[in-house]
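# Architecture at a glance
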Amino acid sequence: MSGTRTGLGRYEPPAPTRELIALSADGARVAVQVHGPEDAPAVVLAHGWTCSVAFWAAQIRDLSGRFRVVAYDQRGHGASALHAPVGTEQLADDLEAVLAATLAPGEKAVIAGHSMGGMTVMAASGRPGFREHAAAVLLCSTGASVLVPESTVVPMRRGAVRTWLTGQILGSPLPIGGRPTAFSRRILKYGTMGAGSTPQMVEACARVVHACPTKARHAWSHVLASLELTEGARRLQVPTEVIVGTGDRLTPPVHARTLAQELPHCLGVTELPGLGHMTPVEAPDLVTERIRALAAAYLTPGATAGEKPEHTEESAA
């Protein structure tokens, strides 16, 4: 079905060049899509909580002409069945399995992670499989710890009451499935997107989030509530760039600034004024450009960890 017919335009998920299943360490079957030329430089995309491969549609469309784009569904999301247990070790296991299944031995890739996808990267940072294949990393709208206490989804002063209320909301087992409604779109936009998000952006995110099974959403919410990956950030020994929206209520800019202090090779933090948590959808061109720049700097012959892409600014319009 075309983007025109669905009304999603560039956010309509494109058909993959091929699909495969990566078998994780505990037997979980991870659904993987590969887009673009098989002999092109590789980019790997890891989506966030309640999302799927479809979340990266704009990046896949823009990058697959020049890159081999590997995108996969986290366990319990999209075409990947929920496989217990769930936790940061499983996030790392699944990413290692995807890298092993799609990249040649020693082949390098730029790895981009959004939200829980960024946490996946931090969880895997010390793993041999990750270090074998990671050339550079883009972290979008993510954090390493204290996610619930720092969230501003509940508009009140930081403290125990806000933390409790936020945990109740994010961890609610109530179903969300079915087609998005006008009310659910408003709630989603408030909680996860900036005020300037277009109806098309909101619709694309709503369809992805509504498709996430309630059981998976609930299971992973408990993992995120107790997240502690500061050491994982410190072990991320490849050049890493960070992007965040200043209006992000789920992972506010305080997380990006903290990451910048913990990452051994941080290339810079870009704060996008007014944008929310869904930066790859809200700022698709900028996110795509940052992935391209990292690939140009670190996937070209002779590239080294000492090189830097041109962009290291602290904010962007």
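How each quantity is defined
Residues numbered from 1 in each chain as written. Predicted model: local features only at pLDDT ≥ 70, side-chain atom pairs only at ≥ 80, totals over all residues. Heavy atoms only, no water. Helix = DSSP H or I, 4+ residues; strand = E, 2+ residues; numbered from the N terminus. Expected span 1.5 Å × (residues − 1). Buried < 20%, exposed > 50% of the residue type's maximum accessible area, 1.4 Å probe, protein only. Contact = heavy atoms within 4.5 Å. Core = buried A, V, L, I, M, F, W, Y, C linked by side-chain atoms within 4.5 Å. Phe/Tyr/Trp six-rings, centres within 6.5 Å; stacked < 30°, edge-to-face > 60°. Pairing = 2+ DSSP bridges. Axes fitted to C-alpha atoms, helices over the stretch in contact; angles between N-to-C directions. Parallel < 35°, antiparallel > 145°, perpendicular 65-115°, else oblique. Nonpolar A, V, L, I, M, F, W, Y, C, P; charged D, E, K, R; others polar. Salt bridge = Lys/Arg side-chain N within 4 Å of Asp/Glu carboxyl O.

Right, let's talk about helix α9 (residues 199–210) for a bit. Taking 1.5 Å per residue, twelve residues should reach 16 Å; α9 reaches 16 Å between its end C-alpha atoms and fits that length. For α9, the buried fraction is high: nine of the twelve residues fall into the buried class. Looking at α9, one finds that the buried residues are Met201, Val202, Glu203, Ala204, Cys205, Ala206, Val208, Val209 and His210. On its buried face, α9 sits against α8 (182–192) and α13 (279–282).

Counting residues in each nonpolar core, the largest one holds 46 residues, and the members touching the most others are Ile111, Met119, Phe130, Val137 and Leu236. In this structure, Met119 is in contact with Thr142, Gly143, Leu147, Leu224, Leu227 and Leu229, ignoring residues within four places of it in sequence. Membership of the second largest hydrophobic core comes to 27 residues, among which are Val69, Ala71, Ile243 and Leu275.

The next point concerns the packing of aromatic side chains. The tally for this structure, following the rule as stated, stands at one aromatic pair. Ring centres of Phe55 and Trp56 lie 6.0 Å apart, and the angle between their planes is 85°; on these two criteria the pair is classed as edge-to-face. When sorted by exposure, Phe55 lands in the same class as Trp56, which is buried.

By the criterion of burial, strand β7 (residues 240–245) is predominantly enclosed, with six of the six residues buried. Side chains of β7 alternate between two faces, with Thr240, Val242 and Val244 and Glu241, Ile243 and Gly245 buried alike. Both strand β6 (residues 134–140) and β7 contribute to a ladder of four bridges, which runs parallel. By the bridge assignment for β7, Cys140 is matched with Ile243. Summarising the sheet, β7 and strand β8 (residues 266–272) pair through six bridges and their orientation is parallel.

If you trace the eight strands from one edge of the open sheet to the other, you get β1-β2-β4-β3-β5-β6-β7-β8, paired in mixed fashion. The sheet terminates laterally at β1 (18–23) and β8, the two strands that pair on one side only. Across the sheet, the mean angle from the axis of one strand to that of its neighbour is 20°, orientation sign disregarded. Where strand β2 (residues 29–35) lies against strand β4 (residues 68–72), four bridges are found, and the strand directions are antiparallel.

Relative to β2, β1 runs antiparallel, the two being bridged by six bridges. Within the sheet, the bridge partner assigned to Leu23 lies in β2 and is Arg29. Counted along the chain from β1 to the antiparallel partner β2, the turn is five residues long, and its residue Gly27 has a positive phi close to 95°.

Let us look at the packing of helix α3 (residues 88–102) against helix α4 (residues 116–124). It is at 8 Å that the axes of α3 and α4 come closest, and there the two elements cross at 85°. In terms of axis orientation, α3 runs roughly perpendicular to α4. Contacts from Thr88, Leu91, Ala92 and Leu95 of α3 reach α4 at Met116, Thr120, Val121, Ala123 and Ala124. Taken together, the residues of the contact of α3 with α4 break down into seven nonpolar, two polar and no charged.

Here the focus is the pattern of salt bridges. Where side chains of opposite charge bring their charged atoms close, a pairing between them can arise. One pass over the full model with this rule turns up 17 salt bridges. A salt bridge links Glu203 to Arg207, with the shortest nitrogen-to-oxygen separation between them at 2.7 Å. Residue Glu203 and its partner Arg207 are both found in helix α9; the two are separated by four residues, about one turn of the helix. Classification of Glu203 as buried rests on a relative accessible area of 13%. Here Arg234 and Glu231 are joined by a salt bridge, their closest N and O atoms 2.5 Å apart. Of the two residues, Arg234 and Glu231 both sit in helix α11 (residues 230–234), three residues apart, roughly one turn of that helix. Residue class for Arg234 comes out partly exposed when judged on its relative accessible area of 37%. Overall, Glu231 belongs to the partly exposed group, its relative accessible area being 43%.

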